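What follows is each chain in one-letter form.
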Amino acid sequence: MSENKKPDWSEGCWRDMLIDQRKFMWRQDTLEKLANWLELKQGMTAVDVGCGLGNLGYTYWPYFGKGGKYFGVDKSSELIGDATLLAKEWAIGGEAEFMTADAYKLPFDDDFADWVMCQTLLIHLEKPRAALSEMVRVAKPGGLIMCNEPDNLSTALAKPSWSLPELDVDEELLIKKVHLISNKGAIKLGRGDNSIGSKVPAMMKQLGLVDIEIRTNDKATFLNPPYEGPQQQNLFLMIKKRVLDQSDFWTERAREEFLAGGGDPEEFKAYRKIADRIKLVFEQQLKQGTYAACNSGFLYLIKAKKPK
Amino acid sequence: MNKNKKPDWSGKRWKEMLVEQRKFIWHQDTIDRLAIWLGLKQGMTAVDVGCGLGYLGYTFWPYFGKGGKYFGIDQSEKLLADAQTTSKNWATCGQAKFIAGDAYRLPFEDNFADWVMCQTLLMHLEKPKDALSEMMRIAKPGGLIVCIEPDNLSTSLGDSYSSLPKLGIEEELLSKKAYILCNKGSIKLGRGDQSIGNRVAVMMKELGLTEIDARINDKVYFLYPPYDDPRQQAFLRMTKKRVLDDSSFWIKRARQEFLAGGGTANEFKQYMKICDKQRNAFRKQLKNSEYVCFFGSLFFVIKGRKPK
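Student: Quick question: what am I supposed to make of the overall build of chain B here?
Tutor: Scanning chain B from terminus to terminus reveals 12 helices and nine strands. Computed over its C-alpha atoms, the radius of gyration of chain B comes to 20 Å, within 12% of the 19 Å expected for a compact globule of 308 residues. Taken over the C-alpha atoms alone, chain B extends approximately 55 × 45 × 35 Å along its principal axes. Taken across its 308 residues, chain B has 58% of its residues classed as buried. Intrachain contacts of chain B at a sequence separation of at least 6 include 79% that bridge at least 24 residues. For chain B, the computed accessible surface area is about 13,600 Å², with 52% contributed by carbon and sulfur atoms. Charge separation in chain B, taken as the distance between the mean sites of 49 positive and 35 negative side-chain charges, equals 2 Å.

Structural data, given as structure tokens:
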């Protein structure tokens, strides 16, 4: 379990996520709007905590990279190695540096950066508030703090995709119960809080940050047979991988979390029966290419300033 | 019940929604981006079905109104009269006309308009697909269809942060059951499907529309004391009105829907106990300026084209 507890983001399905999920995460016109909304400026000094392969760096580079400095921090030295290589392709006109470090003890002086950011970092941490507070420490007075964090619990609790079979109300509620209890378990196991996105603004408020504002990622994807084009293909393959190939892995994690959250093993079995039934239909629809759904979730972009 | 079934949108409570909810419904830069994404052009002929006070007309007027024609259709003559009067203030350099009509039988010939749109219309209709098909009929071949519709059921089922006391798991599940049953009941009673937003894209596909794509409104509300900007004030006013002042009206509606959806009277009582508890906590926190609430929602903008 302790292996599961701290995923190794440099390999397997975790690394896949860093690549596949980020390919089409934002619409280009949204990024431009956000750069404006964040008031990014060329030449900024930026720190990206839990940077992975440097996604936020290369995504926002056009808006701050000219004469800018980007510091990517991650605990995985393998990812840092890869990110450093990749950066040669994009970090032009400024500097990008990657270092291995802990989100709770960032290797920077107080008041160091104009902009401190993270994306899907807090969601995986045992002490998200401590990490946020550490981000605040390294930001300059008046500096920008940006957290891109989802509320995946709410996404999971949302109405299921229409093309899957309609469930009885009791079945639907059992699934929701498993999501709710598993999330409690994930928090207990130190795996993080899946609904962190909706909590970050209140945490920022408690930490004394000002000018707190939030937007949702406005991306929705209409996944639609025959799944043409790179974006549809990417999403289709991601779903397929998760639902079919990696299903045992995710089920085992969910079971651990459900039990840790105080769930009853018999209930988990009942839940699996329903889930397996849906999976069969899903599998069939994916194979036949009949699955269609308008996909979106709750991915929040939260910004705030450190007081002057 | 029959009176409830078809709300009179010119009546005080419903009309207020048309005014209050729309004040801060979008970020201005989002509207700018949407206008580009939709490919709006000056001089277009546009039809807005269920136009209310002409909100979509004046919101998008800067992008199509020069030499453009806007036709607002609504059931309510009173709203139309108000809309016609206020349109004098915004419909300059083009024409805005408001006509009483039925969403299922629009008063236009086939292939009439460059752009046919609706906002929070389909969610209130008994036969949303028929209405969508009627919108398609009056669009020119190659014309644009835009539906702005929420998935309010998914939003309700989520687990967003608020400062109200956390419910126990069984209470939480009963609340979720109530949302699900009320929506089933609402559909049965012909009051519409609260989760329509995530189905529109698929309906469009079934009707043969092409180039279907979707986005989410990126607006998020974060309410915290002292609630001192106008957006927070407006949101707080709306929440207060709904939860406190008008609670008996909404409870009555919810009860009808809950029972129609297959719930028992006893369960509804249990659910009401939870609501009362939360309402009292809300009242107390407001009084002490302690209430904090994060509200993100799934509000879809779906576009498609009528085939040429």
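Here the narrative resumes.
Student: I keep staring at the overall build of chain A and nothing clicks. Help me out?
Tutor: Helix and strand content of chain A: 12 helices and nine strands. Relative to the globule expectation of 19 Å for 308 residues, the C-alpha radius of gyration of chain A, 20 Å, shows essentially globular dimensions. When the 308 residues of chain A are sorted by exposure, 58% land in the buried category. For chain A, the accessible surface area stands at approximately 13,200 Å², while carbon and sulfur atoms represent 52% of it. Mean positive and mean negative side-chain charge positions of chain A (42 and 44 charges, respectively) differ by 3 Å.

Student: Honestly, the domain arrangement of chain B in this entry has me stumped. Any pointers?
Tutor: Size of an interface, as often reported, equals the accessible area lost when the parts are brought together. All names here are of chain B. One can read the domain layout of chain B as domain 1 (12-151 + 195-219 + 298-305) and domain 2 (155-184 + 225-291). Each of domain 1 and domain 2 has a C-alpha centre, and these two points are 30 Å apart. Counting from both sides, the interface comprises 13 residues of domain 1 and, opposite them, 13 residues of domain 2. Buried surface at the junction of domain 1 and domain 2, both sides included, amounts to about 1,000 Å², of which 55% is carbon and sulfur. Sorting the residues of domain 1 by area buried against domain 2 places Arg13, Glu20 and Phe24 first, and these three jointly supply 46% of that buried surface. Joining domain 1 to domain 2, the criterion identifies two salt bridges.

Student: Which parts of the structure should I look at to understand the side chain of Arg22 of chain B?
Tutor: All names here are of chain B. Note on placement: Arg22 falls in helix α2 (residues 12-23). Within the buried set, Arg22 has no salt-bridge partner at all; the shortest N-O distance to an opposite charge, 8.5 Å, is to Asp48. The contacts of Arg22, once residues within four sequence positions are left out, are Met17, Tyr55, Gln119 and Thr120.

Student: Any chance you could explain the nonpolar core here in plain terms?
Tutor: Generally speaking, a soluble globular protein has its nonpolar side chains buried in company with each other. Core analysis: the largest hydrophobic core is formed by 79 residues, its most contacted members being Ile145 and Met204 of chain A together with Ile145 of chain B. Look past the residues within four positions of Ile145 of chain B in its chain and what remains in contact with it is Val116, Leu132, Met135, Met136, Ala139, Met204, Leu209, Ile302, Lys303 and Gly304 of chain B. If you look at the next biggest cluster of nonpolar residues, it comprises 31 residues, including Cys51, Phe98, Leu144 and Val301 of chain B.

Student: Looking at this structure, I do not really get the pairing of strand β4 (residues 113-119) of chain B. What am I missing?
Tutor: Within a regular strand, the side chains alternate between the two sheet faces. Residue and element names in this part refer to chain B. Within β4, six of the seven residues are buried, leaving the element largely enclosed by the surrounding structure. Here four bridges tie strand β1 (residues 45-49) to β4, and the two strands are oriented parallel to one another. By the bridge assignment for β4, Asp48 is matched with Met117. Judged from the six bridges that link them, β4 and strand β5 (residues 139-150) form a sheet pairing that is parallel. Bridge pairing links Gln119 to Ile148 in β5. For the handedness criterion, the β-α-β arrangement of β4, helix α6 (residues 128-138) and β5 is classed as right-handed.

Student: Is there a simple way to explain the pattern of salt bridges in this structure?
Tutor: Oppositely charged side chains are able to pair whenever their charged atoms sit close together. This structure, assessed with the given rule, holds 51 salt bridges over all chains. Among the salt bridges present, the one from Glu267 of chain B reaches Lys177 of chain B, with a minimum N-O distance of 2.7 Å. Taken together, the residues Glu267 of chain B in helix α12 (residues 265-287) and Lys177 of chain B in helix α8 (residues 169-188) connect sequence positions 90 residues apart. Accessibility expressed as a relative area gives 15% for Lys177 of chain B, which makes it buried. One connected set of salt bridges, linked through shared partners, spans Asp29, Lys33, Arg215 and Asp218 of chain A together with Asp29, Arg215 and Asp218 of chain B.

Student: Even after reading the chapter, I still don't get the sheet that holds strand β9 (residues 299-305) of chain A, so can you show me in this structure?
Tutor: Paired through backbone hydrogen bonds, the strands of a sheet run either parallel or antiparallel to each other. All names here are of chain A. The mixed open sheet is built from seven strands, whose spatial order is β3-β2-β1-β4-β5-β9-β6. Every other strand in the sheet has two partners, leaving β3 (95-100) and β6 (210-216) as the edge strands with one partner each. Across the sheet, the mean angle from the axis of one strand to that of its neighbour is 15°, orientation sign disregarded. Bridging between strand β2 (residues 69-74) and β3 involves six bridges; their strand directions are parallel. Within β3, the position partnered with Lys69 by the bridge is Glu95. The sheet strands contacting helix α5 (residues 77-90) are β2 and β3, and the helix crosses β3 at an angle near 175°.

Student: Help me understand the side chain of Ser186 of chain B in this model?
Tutor: Along the polypeptide, Ser186 of chain B turns up in helix α8. Among the polar contacts made by the side chain of Ser186 of chain B, one reaches the main-chain carbonyl oxygen of Gly192 of chain B at a distance of 2.6 Å.

Student: Where do I start with the interface of chain B and chain A in this structure?
Tutor: Taken together, the 48 residues of chain B in the interface contact 47 residues of chain A. Arg215 of chain A is the partner of Asp29 of chain B in a salt bridge, and the nearest nitrogen-oxygen pair spans 2.9 Å. Sorting the residues of the side of chain B that touches chain A by element identifies α3 (28-38), α7 (152-157), α8, α9 (200-206), β6 (210-216), β7 (220-223) and β8 (293-296) of chain B as the ones contributing at least two each. Top element by residues in the side of chain B that touches chain A is α8 of chain B. It accounts for nine residues.

Student: What is the right way to look at the packing of helix α10 (residues 230-245) of chain B against α12 of chain B in this model?
Tutor: Packed helix pairs are characterised by how far apart their axes lie and by the angle those axes make with each other. Residues and elements named next belong to chain B. Two elements in contact, α10 and α12, have axes whose closest approach is 11 Å; the angle formed by their N-to-C orientations is 140°. On the basis of the axis angle, α10 is oblique to α12. Viewed along their axes, α10 and α12 form a crossing whose handedness is left-handed. Residues Leu236, Thr239, Lys240, Val243 and Leu244 of α10 form the contact with α12, whose participating residues are Arg279, Phe282, Arg283 and Leu286. Of the residues belonging to the contact of α10 with α12, the class tally is five nonpolar, one polar and three charged.

Student: Would you explain the confidence of the model for chain B in this entry?
Tutor: Low-pLDDT portions of the prediction should not be read for the details of their coordinates. The predicted model of chain B averages 94 in pLDDT, with 98% of residues at 70 or higher. For this predicted complex, the interface confidence comes out at an ipTM of 0.92, alongside a pTM of 0.94.

Student: I'm lost on unusual backbone geometry in this one. Help?
Tutor: Excluding glycine, residues mostly have negative phi values, and the peptide bonds linking residues are mostly trans. In this chain, Pro225 of chain A is followed by Pro226 of chain A through a cis amide linkage whose omega measures 5°. Along the chain, Pro226 of chain A falls in the loop between β7 (221-223) and α10 (229-245). A cis amide bond links Pro225 of chain B with the next residue in sequence, Pro226 of chain B, at an omega value of 5°. By the secondary structure assignment, Pro226 of chain B is in the loop between β7 and α10.

Scoring rules and cut-offs
- Residues numbered from 1 in each chain as written.
- Chains lettered and ligands numbered in written order.
- Predicted model: local features only at pLDDT ≥ 70, side-chain atom pairs only at ≥ 80, totals over all residues.
- Heavy atoms only, no water.
- Helix = DSSP H or I, 4+ residues; strand = E, 2+ residues; numbered from the N terminus.
- Rg over C-alpha atoms; globule rule 2.2 N^0.38 Å.
- Buried < 20%, exposed > 50% of the residue type's maximum accessible area, 1.4 Å probe, protein only.
- Contact = heavy atoms within 4.5 Å.
- Areas by Shrake-Rupley, 256 points an atom, 1.4 Å probe, with all protein chains shown as cover.
- Lys, Arg positive; Asp, Glu negative; His and termini not counted.
- Charge placed at Lys NZ, Arg CZ, Asp CG, Glu CD.
- Domains from an automatic or database assignment.
- Buried area = accessible area lost by both parts, 1.4 Å probe.
- Salt bridge = Lys/Arg side-chain N within 4 Å of Asp/Glu carboxyl O.
- Core = buried A, V, L, I, M, F, W, Y, C linked by side-chain atoms within 4.5 Å.
- Pairing = 2+ DSSP bridges.
- Right-handed = clockwise from strand over helix to strand, strands pointing away.
- Axes fitted to C-alpha atoms, helices over the stretch in contact; angles between N-to-C directions.
- Polar contact = N/O pair within 3.5 Å; in protein donor to acceptor, adjacent residues only side chain to side chain.
- Parallel < 35°, antiparallel > 145°, perpendicular 65-115°, else oblique.
- Left-handed = near helix turned anticlockwise from the far one by under 90°.
- Nonpolar A, V, L, I, M, F, W, Y, C, P; charged D, E, K, R; others polar.
- pLDDT = per-residue confidence, 0-100.

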